[in-house]
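Here are the chains, one letter per residue:
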Amino acid sequence: MDSRQNDLASALVEHVEIGVIILDSDLRIQYWNRFISQCSGKSLQQARQQPLTSVFPEADTPHLSKMLARARDHGEHVNTQWRENPYLIHLPFNASGQAVPLMLQSTLLFPFHSLDEQLCFGLLLYDTTELARSNEQLDAALNALSGKQIEQDQLIKKLEKANAQLLQSEKLAAIGQLAAGVAHEINNPIGYVFSNLKTLAGYVHDLLRIIDAVDGAADLDELRQLKRSMEYDYIRSDVEALIGESEDGIERVKKIITSLKDFSHIEEDEFRQADLHRGLDTTLNVVNNELKYKAEVIKEYGELPEVECMPSQINQVIMNLLINAAHAIEQFGRITLRSGHEGDWVWLEVEDTGQGIAPHLLNRIYEPFFTTKPVGKGTGLGLSLSYNIIRKHNGRIEVFSTPGEGTRFRVWLPVLQPAEQLTMEDTGHYE
Ligand SMILES: Nc1ncnc2c1ncn2[C@@H]1O[C@H](COP(=O)(O)OP(=O)(O)OP(=O)(O)O)[C@@H](O)[C@H]1O
Ligand SMILES: [Mg+2]
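Just so it is clear, the model here is predicted, and its values are computed rather than measured. What you see as residue numbers is a count from 1 along each chain, following the sequence as written. Lettering of chains starts at A and numbering of ligands starts at 1, both following the order in which they are written. Two thresholds apply to this predicted model, a pLDDT of at least 70 for residue-level local features and 80 or more for giving and counting side-chain atom pairs, whereas whole-chain, interface and lining totals are computed over all residues. Hydrogens are left out, water is left out, and the side-chain values use all remaining heavy atoms of the structure.

Below, the discussion takes up the overall build of the chain. The secondary structure listing takes helices from DSSP runs of H or I that are at least 4 residues long and strands from runs of E that are at least 2 residues long, numbered from the N terminus. If you tally the helices and strands in the chain, you get twelve helices and twelve strands. Here the radius of gyration uses the C-alpha set of atoms, whereas the globule reference equals 2.2 Å times the residue count to the power 0.38. For a compact globule of 431 residues, the expected C-alpha radius of gyration is about 22 Å, and the chain comes in at 45 Å, more than 25% above that figure. Taking the principal axes of its C-alpha atoms as reference, the chain extends roughly 155 × 50 × 40 Å. Looking at the chain residue by residue over its 431 residues, the buried ones come to 38%. The contact criterion used throughout is that any non-hydrogen atoms of two residues lie within 4.5 Å. Of the contacts formed within the chain by residues at least 6 apart in sequence, a portion of 64% connects residues at least 24 apart. All accessible areas in this document rest on Shrake-Rupley with a 1.4 Å probe, and a residue is counted as covered only by the protein chains that are shown. Total accessible area on the chain stands at roughly 25400 Å², and carbon and sulfur atoms take up 55% of it. In this tally Asp and Glu are treated as negative and Lys and Arg as positive; neither His nor the chain ends contributes. For charged residues, the charge sits on one atom: NZ in Lys, CZ in Arg, CG in Asp, CD in Glu. Within the chain, the 62 negative side-chain charges are centred at a point lying 4 Å from the centre of the 40 positive side-chain charges. Here the term buried applies to any residue with accessible area under 20% of the maximum for its type, exposed to any over 50%, and partly exposed to those in between, with areas from a 1.4 Å probe on protein chains only.

Structural data, given as structure tokens:
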């Protein structure tokens, strides 16, 4: 370096607002810049050739020894942050000469060789009080944020719990509603089977009278007379009709009971391979009473493979869609139930010829408690719960609606659940 460069370098070091201290290999002070004089209130003249730790006794710490060992033995540049140590040497003033209660410092200690090959140490020292202060604010903000995060996590847990409870109570409400419908459905066949039995009992009574008369009758004519008077021919044909009708009635009751049993596996909460058409039929049987006065139900089933799902929950979704469809129809309409299969996906569709959904409401229908039904009629939970069930199945639900013409809901389900989700569930970490 020529002398001009030297001058420039010295001027720079004198003006920079960073402390610069040069120590010899025995840690005696060789030089410090104006920043150090200013901030320490000490004179370089007096400090020169003195050990650093006698000029600044507070620096005599294990921390400094460690820094030195690393710089000396490994030739490393050693940084310290204000976070680790409030200060290395005590500087009671700042660069503008104002007294400061506590200057926080970051330091850099590094070894170098002087022109005459002597080992020296450079010690640079930055005032990081301001930085630390803004960091404190950042820390506080971070803390507040993580507090909020925890609050949110708790809130989400609460919501999940409430959602599970809602799901449960919605199931119960649905079952209550269904029970009424089913009672009505069963009542009808039971009613006529009962009245048929009564008529049959009368017929049996009459027939027994004819048979009993066989023993006491004088001749065949008397028996024939009795048979005629009892309208035997009519009894005979009616008995057959009554028995046939009663068998049909009992068959119908049996079907409803089986469907109910299928449908009410509400506790079962496991994915398994299931025949979705069977689920659709079961659900149709169960909600038949809600539908039959509102719509003709048309089935257009495609070919479906078995699908990995929680069948009772899928039934629940279809039930919600069917009941919504029936509610949307004012007089009498048509509800079409379709299914299909595309690659790794299957779909189920419920289409109605009801009033439709206004376009501006389409993105609200899955919101919990969103309902356009009168108070006491709808809870607004049907679609929100259905949406959650389908999401849990890694599927999706689509809606197409034309006001005044009708609505079509289509549920897409993957034939198989993704493998990693099952593992997550197995380990109990799935939501
Ligand atoms: N098929 C449909 N046709 C027309 N509107 C529909 C249909 N399905 C849903 N909607 C609209 O979406 C709203 C929300 O439906 P959702 O099933 O979530 O609640 P809800 O039927 O009102 O009450 P809940 O099902 O809890 O008894 C309904 O109030 C209705 O406005
Ligand atoms: Mg509904």
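Let's pick the thread back up.
Moving on, we get to the sheet that holds strand 3 (residues 78–80). Taken in spatial order, the five strands of this open sheet run 2-1-5-4-3, and their pairing is antiparallel. In this open sheet, the two edge strands, each paired with only one partner strand, are strand 2 (29–32) and strand 3. Strand after strand, the sheet turns through a mean of 15° between neighbouring axes, direction not considered. For strand 3 and strand 4 (residues 105–113), the ladder comprises three bridges, and the chain directions are antiparallel. When the sheet's bridge partners are listed, Val 78 is paired in strand 4 with Leu 109. Here a strand pair is declared whenever DSSP counts at least two bridges between the two strands. Orientation is described by lines fitted to C-alpha atoms, with helices fitted over the stretch in contact, and by angles between N-to-C directions that extend from 0 to 180 degrees.

Another aspect to go through is the site of ligand 1. In these notes, residues near a molecule or strand are those with any non-hydrogen atom within 4 Å of it. What surrounds ligand 1 is a group of 19 residues, the closest being Thr 371, Thr 372, Lys 373, Thr 379 and Leu 383. Under this definition, polar contacts are N or O atom pairs within 3.5 Å; protein pairs additionally need one hydrogen-donor-capable and one acceptor-capable atom, and for neighbouring residues in sequence, both atoms have to be side-chain atoms. Note that an oxygen atom of ligand 1 is positioned 2.6 Å from one of the side-chain N or O atoms of Lys 373. Contact between ligand 1 and Leu 383: an oxygen atom at 2.8 Å from a main-chain N or O atom of the residue. Notes on ligand 1: free accessible area 590 Å², of which the protein chains cover 92%. Among the secondary structure elements, those contributing two or more residues to the shell around ligand 1 are helix 10 (311–328), helix 11 (382–392) and strand 12 (406–414). As a working rule, the residues Ala, Val, Leu, Ile, Met, Phe, Trp, Tyr, Cys and Pro are called nonpolar, Asp, Glu, Lys and Arg charged, and the rest polar, with Gly in that last group. Here the shell around ligand 1 is composed, by residue class, of eight nonpolar, nine polar and two charged.

Take the confidence of the model for the chain next. Confidence scores per residue from the predictor, reported as pLDDT, run from 0 to 100. Mean pLDDT over the chain works out to 86, with 91% of the residues at or above the 70 mark. Below a pLDDT of 50 lies the segment residues 422–431, which in the model reaches eleven contacts outside its immediate sequence neighbourhood of four places, other chains included.

The subject of this paragraph is the pattern of salt bridges. Counted as salt bridges are all cases of a side-chain nitrogen of Lys or Arg within 4 Å of a carboxyl oxygen of Asp or Glu. Considering all chains together, one arrives at twelve salt bridges under this definition. Put simply, Arg 28 and Asp 24 hold a salt bridge, and the shortest N to O gap is 3.2 Å. For Asp 221, the salt bridge identified is with Arg 224, shortest N-O distance 3.4 Å. One end of the pair, Asp 221, and the other, Arg 224, are both in helix 7 (residues 220–229), three residues apart, so they sit about a helical turn from each other. Where salt bridges share partners, they join Glu 300, Arg 338, Glu 349, Glu 351, Arg 408 and Arg 410 into one cluster.

Here helix 10 spans 26 Å end to end across 18 residues, near enough to the 26 Å set by a 1.5 Å rise per residue. By the criterion of burial, helix 10 is predominantly enclosed, with 16 of the 18 residues buried. Each helix should span, by expectation, one fewer than its residue count multiplied by 1.5 Å.

Looking at the assigned domains, one finds that the chain contains domain 1 (3–127), domain 2 (145–262) and domain 3 (265–431). For domain 1 and domain 3, the distance between their C-alpha centroids amounts to 74 Å. Where each domain starts and ends comes from a domain assignment, either automatic or drawn from a database.

Moving on, we get to the packing of helix 10 against helix 11. Where helix 10 contacts helix 11, the two axes come as close as 9 Å, and the packing angle between them is 145°. Where helix 10 crosses over helix 11, the two elements pack in a sense that is left-handed. Residue-level contacts link Gln 313, Ile 314, Gln 316, Val 317, Asn 320, Leu 321 and Asn 324 of helix 10 to Gly 382, Leu 383, Ser 386, Ile 389, Ile 390 and Lys 392 of helix 11. Taken together, the residues of the contact of helix 10 with helix 11 break down into six nonpolar, six polar and one charged. In this scheme the handedness of a crossing depends on how the near helix is turned from the far one: anticlockwise by less than a right angle means left-handed, clockwise means right-handed.

A few words now on the side chain of Asn 196. The topology assignment puts Asn 196 in helix 6 (residues 129–216). For Asn 196, a relative accessible area of 5% gives the class buried. Those residues within four positions of Asn 196 in sequence are excluded, and the remaining contacts are Leu 242, Glu 245 and Ser 246.

The strand order across the open sheet formed by five strands is 7-9-10-12-11, and the pairing between neighbours is mixed. In the strand order of this sheet, the two ends are held by strand 7 (295–300) and strand 11 (396–402), each with one partner. The average undirected angle you get between the axes of adjacent strands in this sheet is 15°. Looking at chain direction, strand 7 and strand 9 (residues 333–342) are connected through six bridges and run parallel. Bridge pairing in strand 9 links Ala 295 to Gly 333. The strands touched by helix 10 are strand 9, strand 10 (345–352) and strand 12; relative to strand 10, the strand with the most contacts, the crossing angle is about 25°. With respect to the sheet, helix 11 is in contact with strand 11 and strand 12, its orientation differing from that of strand 12 by roughly 25°.

Side-chain rings of Phe, Tyr and Trp, where Trp is taken by its six-membered ring, are said to pair if the distance between their centres is within 6.5 Å; with planes under 30 degrees apart they count as stacked, over 60 as edge-to-face, and otherwise as tilted. Counted according to the given criterion, the structure contains three aromatic pairs. A centroid spacing of 5.9 Å and a plane angle of 35° characterise the contact between Phe 110 and Phe 112, whose relative ring orientation is tilted. Aromatic side chains Tyr 366 and Tyr 387 sit 5.3 Å apart centroid to centroid with 45° between the ring planes, which places their arrangement in the tilted category. Placement of Tyr 366 in the loop between strand 10 and helix 11 and of Tyr 387 in helix 11 is noted, with a sequence separation of 21 residues between them. When its relative accessible area of 38% is taken as the criterion, Tyr 387 is described as partly exposed. Directly above the aromatic system of Trp 345 lies the positively charged group of Arg 396, at a separation of 5.4 Å from the ring centroid. Sitting over a ring, as applied to charges here, requires NZ of Lys or CZ of Arg to be within 6 Å of the ring centre and within 35 degrees of the ring normal.

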